[in-house]
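Listed below, chain by chain, are the residues.
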Amino acid sequence: MRLLYIWINDYKCFNNAELNFSDGIRFNYNKRTHQLCREETESKNDLFSLLPGYSNVDNISIIVGSNGSGKTSICELLFEIFYLGYSDIDHILIYEQGGQYYIHKNETTTYVNQSGIELNDYFHINNFNFIYYSPFYSSMHVMQTLGSPDNSTFHDISTSYLLKTDKFYYENHRSPISYENSISNLDANTISDFKRTIDFLIKAINNNHNFKLGVSFPQTFFFKVDNNDRKAFENEFQNENDIFTIYQDIVTKIENTHENKVICNLLLALFCNFGRSTLNRSHSGLNHEVAIEYISRIQNAYPQDEQSVYSIFRTLFQSLNSSENISGLLVQLPNTRTQAMINFFNFLINLDSTFFVKDGISFNIPDNKTELIEFHKLYKLTQQLTEYGTFEPQPYLSSGEYSEILLYSRLYEICNTIIERDENKNIILFLDEVEITLHPKLQQGIIQNLLYFTEEFFPESSLHLQIIFATHSPIILSDVPSPNVIFLYKEPGQFKSKIESSKTLKTFGSNIYTLYQDSFFITNMPIGDFAREQINKAIKDVNSKYETQVNVSPLTEYIVSQIGEPILKNMIESRMNNNDSISTE
């Protein structure tokens, strides 16, 4: 399926606006005469329909424009028309499927078909799916405001939506991940995204996919105990004999009870975190004798049987609201958090010894999926207690690299859901500012990687995707021909946006400097405003030297020496040396 054309009469920042998404077939609607015509185009084909080896992607389009020019509003329009059934929006939509062309409009909009193409009446929306992705959180996210109909063919995998729904979904759909009632939405989303990522990585690793992201796929995850709390405890209390004696006895008990050094170190890290918050009188305000008594209680209650390890945590946490009224401490947690920590230790005690290595715990992604996902869940649920350890992939992933893997992980999950439901496999994928967390090098590969992804992960699925980017990235823009680009422009202070023609501008393979000026409506040299202002001041200083025969200031000399654009720098230096004036235009 391909969305070819949209006409909107009056919607948000659009008024009598039309958008063409492809090169091969383009339309024009005259609001006054109601004539719907076909535009003449240079090509009868579209680049992505001609590409060999990428049969799953029918078309890729890009929407560019300044903030507030209406990029995301186009996605909202489709959502409101198709999924919420709003009929009061004057619109015309034309799309192609299976060689047939279809038109969708509201009842009050009339048209006279002068296109020479037979246009069939719109059919039921279940014939295609719509996927929306955005990597950042917005409290104004429209889909969570309007709601998504249950079991609809609209699939919102944006961070904003999943932060709201992951906990609810997995609590009500019998997911293999179960949550305590007190878990936050953020924790639920983090845990759910981790499971999505592991499922995706297992598929990629087991099938030896050639799919490359510009980053190495992690093969393992490694947990290492952080000893910072233990070191800090020893530094703070090594000169207080009564406290340090109790501490050394607890260390001995822990080490004698647990041969597993990872568990020993973790228990000590937790105890030292608790001890510091209890014993540091400047923070806790406790009577010193009461604090000593409380630490002693832990010393005496420590279990000798590691299978009853829960007793130390009952002593540490669940009795904090005791008659001594020791409350408000850093480690005071709800009972559900306490139970999560008990579950965590029981999990570690029952974990096979092969997972434990010298400095921590190692999980192999393809082979240890169940243990890895459960460990990560318990780790996230207990991490609020103290930063007791690190849990990272090997090789290490930056936040930007993980963000890109997360995009494909969410897509992999939702595409499998569509296939499993045996739904119609025509998909519009709307990617809203996907570049926001990606280094320019990763942006260079995003379109190529999406093409690889669809073919390698779903080679025989009959998926047909139309991908629409809303972006501020000239790097992504340079991968798409200009007929597939919609340029939105809004004058400063104006409410309505204009849609600029792309007939003369060539975006495909164009350099970024040209795209910044011509496609993102940056009329001046594409540098920061601060640098531009300082350079203009330096130019004025050079011109003043020309008029007064006075040396330029040290600031001007420094500014000119740091200019990175060689033509501009050489021009100013030449004027400085030859006493010529320069224009600041």
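Thresholds, definitions, all that
Residues numbered from 1 in each chain as written. Predicted model: local features only at pLDDT ≥ 70, side-chain atom pairs only at ≥ 80, totals over all residues. Heavy atoms only, no water. Axes fitted to C-alpha atoms, helices over the stretch in contact; angles between N-to-C directions. Helix = DSSP H or I, 4+ residues; strand = E, 2+ residues; numbered from the N terminus. Left-handed = near helix turned anticlockwise from the far one by under 90°. Contact = heavy atoms within 4.5 Å. Nonpolar A, V, L, I, M, F, W, Y, C, P; charged D, E, K, R; others polar. pLDDT = per-residue confidence, 0-100. Salt bridge = Lys/Arg side-chain N within 4 Å of Asp/Glu carboxyl O. Buried < 20%, exposed > 50% of the residue type's maximum accessible area, 1.4 Å probe, protein only. Pairing = 2+ DSSP bridges. Arc of directions from axis to C-beta. Core = buried A, V, L, I, M, F, W, Y, C linked by side-chain atoms within 4.5 Å.

## Notes on the packing of helix H14 (residues 399–420) against helix H16 (residues 446–457)
Argument step 1. Following both chains from N to C, one finds H14 and H16 inclined at 35°, their axes separated by 12 Å at the closest point. Helix-helix and strand crossings are classified by hand; for H14 and H16 the assignment is right-handed. On H16, the residues that touch Glu-404, Leu-407, Tyr-408, Leu-411 and Tyr-412 of H14 are Ile-446, Asn-449, Leu-450, Phe-453 and Phe-457.
Argument step 2. Here the contact of H14 with H16 is built from residues that sort into 8 nonpolar, 1 polar and 1 charged.

## With respect to the confidence of the model for the protein
Argument step 1. Looking at the protein, the pLDDT average stands at 78 and 77% of residues meet or exceed 70.
Argument step 2. Mean pLDDT across the elements of the protein ranges from a minimum in helix H9 (residues 281–284), with 46, to a maximum in strand E8 (residues 112–114), with 94.
Argument step 3. Per-residue pLDDT stays below 50 along residues 144–149; that stretch engages in 17 contacts with residues further than four places along the chain or on separate chains.
Argument step 4. Residue range residues 318–334 is modelled with pLDDT below 50. Its contacts to residues more than four positions away, or to other chains, number 37 contacts.

## Quick notes on the pattern of salt bridges
Argument step 1. Inspection of the entire model under this criterion finds 13 salt bridges.
Argument step 2. Salt-bridge contacts for Arg-2 lead to Glu-96; the nearest nitrogen and oxygen are separated by 3.3 Å. In this pair, Arg-2 is assigned in strand E1 (residues 2–11) and Glu-96 in strand E6 (residues 91–97), connecting sequence segments 94 residues apart. Per residue, the accessibility class of Arg-2 equals that of Glu-96, and both read buried.
Argument step 3. Its salt-bridge partner being Arg-196, residue Asp-193 comes within 2.7 Å of it at the nearest N-O pair. In this pair, Asp-193 and Arg-196 both sit in helix H5 (residues 185–206), 3 residues apart, roughly one turn of the helix. When sorted by exposure, Asp-193 lands in the same class as Arg-196, which is buried.
Argument step 4. Shared partners join several salt bridges into a network, and the residues in it are Asp-166, Asp-193, Arg-196, Arg-410 and Glu-413.

## Description of the sheet that holds strand E4 (residues 35–39)
Argument step 1. Read across the open sheet, the 3 strands follow the order E3-E4-E8; overall the sheet is mixed. Because the sheet does not close on itself, it has two edges, and the strands there are strand E3 (26–29) and E8. Taking the axes of each pair of neighbouring strands and ignoring which way they run, one obtains an average angle of 25° across the sheet.
Argument step 2. In this sheet, E8 lies alongside E4 in parallel orientation, the contact comprising 3 bridges.

## Description of the sheet that holds strand E2 (residues 14–20)
Argument step 1. Reading across from one edge, E2-E1-E6-E7-E9 is the order of the 5 strands in this open sheet, with mixed pairing throughout. Two strands close off the open sheet at either side, each with one partner strand: E2 and strand E9 (119–121). Between one strand and the next, the sheet's axes are offset by a mean angle of 20°, whatever the strand orientation.
Argument step 2. Sheet analysis places E6 next to strand E7 (residues 100–105), joined by 6 bridges and oriented antiparallel. Looking across to E7, one finds that Gln-97 is bridged to Gln-100.
Argument step 3. Of the strands in this sheet, E1, E2, E6 and E7 are in contact with helix H2 (residues 71–83), which crosses E1 at around 90°.

## Details of helix H6 (residues 228–237)
Argument step 1. Those residues of H6 not exposed but buried are Asp-229, Arg-230, Ala-232, Phe-233 and Phe-237. Seen along its axis, H6 keeps its buried residues to an arc of 165°; they face one direction. Opposite the buried face of H6, at more than 90 degrees from it, the exposed residues are Lys-231 and Asn-235.

## Brief notes about unusual backbone geometry
Argument step 1. Note the cis peptide between Gln-394 and Pro-395, where omega equals 0°.
Argument step 2. Here Pro-395 lies in the loop between strand E14 (389–394) and H14.
Argument step 3. The residue Lys-12 is not glycine, and still its phi comes out positive at about 50°.
Argument step 4. Tracing the chain through its elements places Lys-12 in the loop between E1 and E2.
Argument step 5. Phi at Glu-433 is positive, roughly 50°, even though this residue is not glycine.
Argument step 6. The class for Glu-433 is buried, based on a relative accessible area of 14%.

## Side note on the nonpolar core
Argument step 1. With 95 residues, the main nonpolar core has Ile-361, Phe-375 and Phe-469 as its most contacted residues.
Argument step 2. At 11 residues, the largest contribution of residues to this core is made by helix H8 (residues 261–279).
Argument step 3. For Phe-469, the residues in contact, after removing those within four places along its chain, are Ile-60, Ser-61, Ile-62, Ile-63, Leu-431, Val-434, Ile-446, Ile-447, Leu-450 and Ile-476.
Argument step 4. Leu-19, Tyr-102, Phe-128 and Leu-488 belong to the second largest nonpolar core, which has 33 residues in total.

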